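The lines below spell out each chain.
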Amino acid sequence: MKKLTFLIAVLILLAFNSFAQPGGGNNPDAAYVKANYTKYEYQIPMRDGIKLFTSVYVPKDTTKKYPFMMDRTPYSVAPYGPDKYKGSLGPSSLFLHDGYIFVYQDVRGRWMSEGIFREMTPELEEHKTNKDVDEGTDTYDTIDWLIKNIPNNSGKVGAWGISYPGFFTTTCLLSRHPALVAASPQAPMSDLYRDDAFHNGAFMLVANFSFYPFFTNRQDDKPTQRRGGELVYGTEDGYEYYMKMGSVKNSNKPGYYDDTIRLWNEMLDHPNYDQHWKDRNVLPHLHDIKTAVLVTGGWYDAEDLYGAINTYKTLAKDNPSTPIYFTMGPWVHGGWARGPGDHLGDVDFGGTTGPFYREKIEFAFFNHYLKGMGGDIPKVSTFETGVNQWKTYNTWPPKDAEDKNLYFLPGGKLSFDAPTIETGADEFVSDPNKPVPFVVNPDLDMKREYMTGDQRFAESRPDVLTYQTEVLDHDVTLAGNIWANLKVSTTGTDADWVVKVIDVYPDSARNNKFTGQGVMMSHYEQMVRSESMRGKFRNGFDKPEPFVPGQVSPVDFELQDILHTFKKGHRIMVQVQSTWFPLIDRNPQVFEDIMKAGDNDFKKATNKVYTSKEHPSYLKVRVIQGN
């Protein structure tokens, strides 16, 4: 993902500050890098004459040949200077100590590379002249240069990257260079409109707003080591800050962005899924891939869940003879790369998961394809939350998952049995001037813990509808994607619809070592999956349409995949609301270009969700029986 989560921020700061003097600091890898690798810096020429800044770390032991491990990034290959070394190399320490030639490259238009940066570079199907360049051609030219110019290489290349670098790893595949034998896009952006900018048309406000000042260190073709800036908020209360800012268009006023950031304006100028966004969807280009691929993501990735799942599904579908692997664990964005991965917020995952991935999946994958070592890994490795265990499959979603409908019923009930009454609906007043917060106390960032956060605070609000099953008399495992199929109406001409799938713990649930102060796990309402939908896009993201006030309309949208078991004694709950602030921007509930809405455009509306035989609302889920 392109947005700056806490983890990614830490990694970038480490890149700037890791000069790795032997014995310095508390990082044993830093001394090892300095003692065992020699760093070189190059300006590698591309076919159109642009040069890309590239750092190459070569093992000092020249008695062997080594494969390359390459990371192409918009976040800087710092530290700069041949005598300044990174504190570690590769995806994990396992690679550093096993011996590879490590390559880090500033992508076109970023940091010390020449050229103009384009957000999520549009990829081309044809390259007729040397002027027809994209990330695929830049990767091809880089690999070709490395193979021909770096001594003691084995002729094999691997690539990896997390978040925005995950997208650049995906585009490495489009080089189709024969030396690229293994690649791992991790939390990759795949379709910017669905990953980071918008979710089903709803603008991801807090994640984007906090990102672009940092990211914007240059907007021209002049290489620089200058970092981006940061905003002075004047408060720690994110809810208050964004309410005071008002309409999204106010973000370009003095004191905010002051109309100075090109990439921010590109989002505001394109609220619909137009050609701008279609050009930034890499998925249609993922055909004729021969490289072995390991796609990695986290079930609780608030940024690029769509990217990981759909990159895998597209690669597996369109490249049936290519080895495509898929791993999903109980992680936030990039959470597999560092740390134990043993919990998120109050929720305990029953043990560490990060080290298992790094050694048994990631390292094993690259070692197998780049060095011919060890055996193959399972095609699909997924962590089953709720019961906290790893599961392996040959395909995702599992073939034995059965489609079922989970219906909203009158009286706040939820059941696999369809409604039998002829009429019925639940209503609430949605006030965009008093929106539902996405966490109890929103700060200035997108708190990653919201993905498993306790939803009891929302259930108590009058503008949130709640439906739940009876206490389960057996385990229920959902495996695969979830589709919300709502029948709704509104007194306005536009409305957002937020659906949250929740695991309600029994009264016997006990606190664990990660439970926060003042929190009780008894009756805890753990969010398992959630998503928003801007109603005017219900018939297509490229053609917004107003609601007819009071008219029943279907609103269908995907909530993405899960692998979660609701255990016996628990309940399944669904909450529906129309604001989720400041995670997404506020909908005026008036049909208009929301990016141009005025502060006085935001109106109350009465929204209804129908629960009748004639107009059933339900979730379409995939259930593994007898699990």
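Residues numbered from 1 in each chain as written. Predicted model: local features only at pLDDT ≥ 70, side-chain atom pairs only at ≥ 80, totals over all residues. Heavy atoms only, no water.

Undergrad: Can you help me understand the overall build of the chain in this one?
TA: When its secondary structure is counted, the chain shows 14 helices and 25 strands. Summarising its shape, the C-alpha atoms of the chain cover approximately 80 × 55 × 50 Å along the three principal directions. Every one of the 627 residues in the chain was classed for burial, and the buried ones make up 61%. The long-range fraction of contacts in the chain, counting pairs at least 24 apart against all pairs at least 6 apart in sequence, stands at 78%. Of the roughly 23,200 Å² of accessible surface on the chain, 50% is carried by carbon and sulfur atoms. Averaging the positions of the 68 positive and the 80 negative side-chain charges in the chain gives two centres separated by 3 Å. (Helix = DSSP H or I, 4+ residues; strand = E, 2+ residues; numbered from the N terminus. Buried < 20%, exposed > 50% of the residue type's maximum accessible area, 1.4 Å probe, protein only. Contact = heavy atoms within 4.5 Å. Areas by Shrake-Rupley, 256 points an atom, 1.4 Å probe, with all protein chains shown as cover. Lys, Arg positive; Asp, Glu negative; His and termini not counted. Charge placed at Lys NZ, Arg CZ, Asp CG, Glu CD.)

Undergrad: What is the right way to read the pattern of salt bridges from this model?
TA: Oppositely charged side chains can form a pair if their charged atoms are brought close together. All chains considered together, the criterion is met by 25 salt bridges. In this structure, K278 engages D542 in a salt bridge whose closest nitrogen and oxygen atoms are separated by 3.9 Å. In this pair, K278 sits in helix α11 (residues 275-278) while D542 sits in the loop between β21 (525-534) and β22 (553-566), placing the two residues 264 residues apart along the sequence. Note that K317 and D318 form a salt bridge whose closest N and O atoms lie 3.4 Å from each other. A network of salt bridges, in which partner residues are shared, links D48, R108 and D138. (Salt bridge = Lys/Arg side-chain N within 4 Å of Asp/Glu carboxyl O.)

Undergrad: Sorry if this is basic, but what is going on with the environment of W277 here?
TA: Relative to the helices and strands, W277 is located in helix α11. Residue W277 is classed as buried on the basis of its relative accessible area, which comes to 1%. Along the backbone, W277 and P442 are 165 residues apart, and their C-alpha atoms lie at a distance of 29 Å. In contact with W277, other than residues within four places in its own chain, are D191, L192, Y193, A197, F198, E266, M267, H270 and N272.

Undergrad: Teacher, can you tell me more about the sheet that holds strand β1 (residues 37-45) here?
TA: One key point about sheets: their strands pair by backbone hydrogen bonds, in either a parallel or an antiparallel sense. Pairing within the open sheet is mixed, and its 10 strands lie in the order β1-β2-β4-β3-β5-β6-β9-β10-β13-β14. The strands lining the two open edges of the sheet, one partner per strand, are β1 and β14 (389-393). On average, each strand axis in the sheet is tilted by 20° relative to the strand beside it, whichever way the strands run. On top of the sheet, helix α4 (residues 135-149) reaches β1, β2 (51-59), β3 (66-73), β4 (101-106), β5 (153-162) and β6 (180-186); it is set at about 150° to β3, its chief contact. (Pairing = 2+ DSSP bridges. Axes fitted to C-alpha atoms, helices over the stretch in contact; angles between N-to-C directions.)

Undergrad: Sorry if this is basic, but what is going on with the confidence of the model for the chain here?
TA: Low pLDDT means the predicted coordinates in that region are not meant to be read closely. Chain-level statistics for the chain give a pLDDT mean of 95 and a share of 96% at 70 or above. Below a pLDDT of 50 lies the segment residues 4-25, which in the model reaches 43 contacts outside its immediate sequence neighbourhood of four places, other chains included. (pLDDT = per-residue confidence, 0-100.)

Undergrad: Is there a simple way to think about the packing of aromatic side chains in this case?
TA: Any aromatic ring pair is given by two values, namely how distant the centres are and how the planes are angled relative to each other. One pass over the structure, following the stated rule, counts 58 aromatic pairs. Ring geometry for Y233 against Y241: centres 4.8 Å apart, planes inclined by 70°, an arrangement best described as edge-to-face. With a relative accessible area of 7%, Y241 lands in the buried category. Ring centres of F438 and Y450 lie 5.4 Å apart, and the angle between their planes is 85°; on these two criteria the pair is classed as edge-to-face. Taken together, the residues F438 in the loop between β17 (425-430) and α14 (456-459) and Y450 in the loop between β17 and α14 connect sequence positions 12 residues apart. Taking the relative accessible area as the measure of exposure, F438 reaches 1% and is therefore buried. Since its relative accessible area comes to 4%, Y450 is described here as buried. Looking at K371, its charged tip hangs above the ring of Y100, at a distance of 4.2 Å from the centre. Lying across the ring of F547, R538 places its NZ or CZ 3.9 Å from the centre. (Phe/Tyr/Trp six-rings, centres within 6.5 Å; stacked < 30°, edge-to-face > 60°. Lys NZ or Arg CZ within 6 Å of the ring centre and 35° of its normal.)

Undergrad: Help me understand the nonpolar core, please; the structure alone is not making it clear to me.
TA: If you look at soluble globular proteins, the nonpolar side chains tend to sit buried side by side. Counting residues in hydrophobic clusters, the biggest one holds 138 residues, and the most contacted among them are W264, Y450, W497 and L619. In this structure, Y325, W336, A337 and F363 belong to the second largest nonpolar core, which totals 36 residues. (Core = buried A, V, L, I, M, F, W, Y, C linked by side-chain atoms within 4.5 Å.)

Undergrad: Can you help me understand helix α5 (residues 164-173) in this one?
TA: Each α-helix winds once per 3.6 residues, and so residues spaced three or four apart point in a common direction. Extensive coverage of α5 is indicated by the burial of 10 of its 10 residues. Taken together, the buried positions of α5 are Y164, P165, G166, F167, F168, T169, T170, T171, C172 and L173.

Undergrad: Help me understand the packing of α4 against α5 in this model?
TA: When two helices pack together, their arrangement is captured by the angle between the axes and the distance separating the axes. Taken N-terminus to C-terminus, the directions of α4 and α5 make an angle of 75°; their axes are 8 Å apart at the nearest point. Accordingly, the angle class assigned to the pair α4 and α5 is roughly perpendicular. Across the interface between the two elements, E135, G136 and T139 from α4 touch F168, T171 and C172 from α5. For the contact of α4 with α5, the class distribution of residues is 2 nonpolar, 3 polar and 1 charged. (Parallel < 35°, antiparallel > 145°, perpendicular 65-115°, else oblique. Nonpolar A, V, L, I, M, F, W, Y, C, P; charged D, E, K, R; others polar.)

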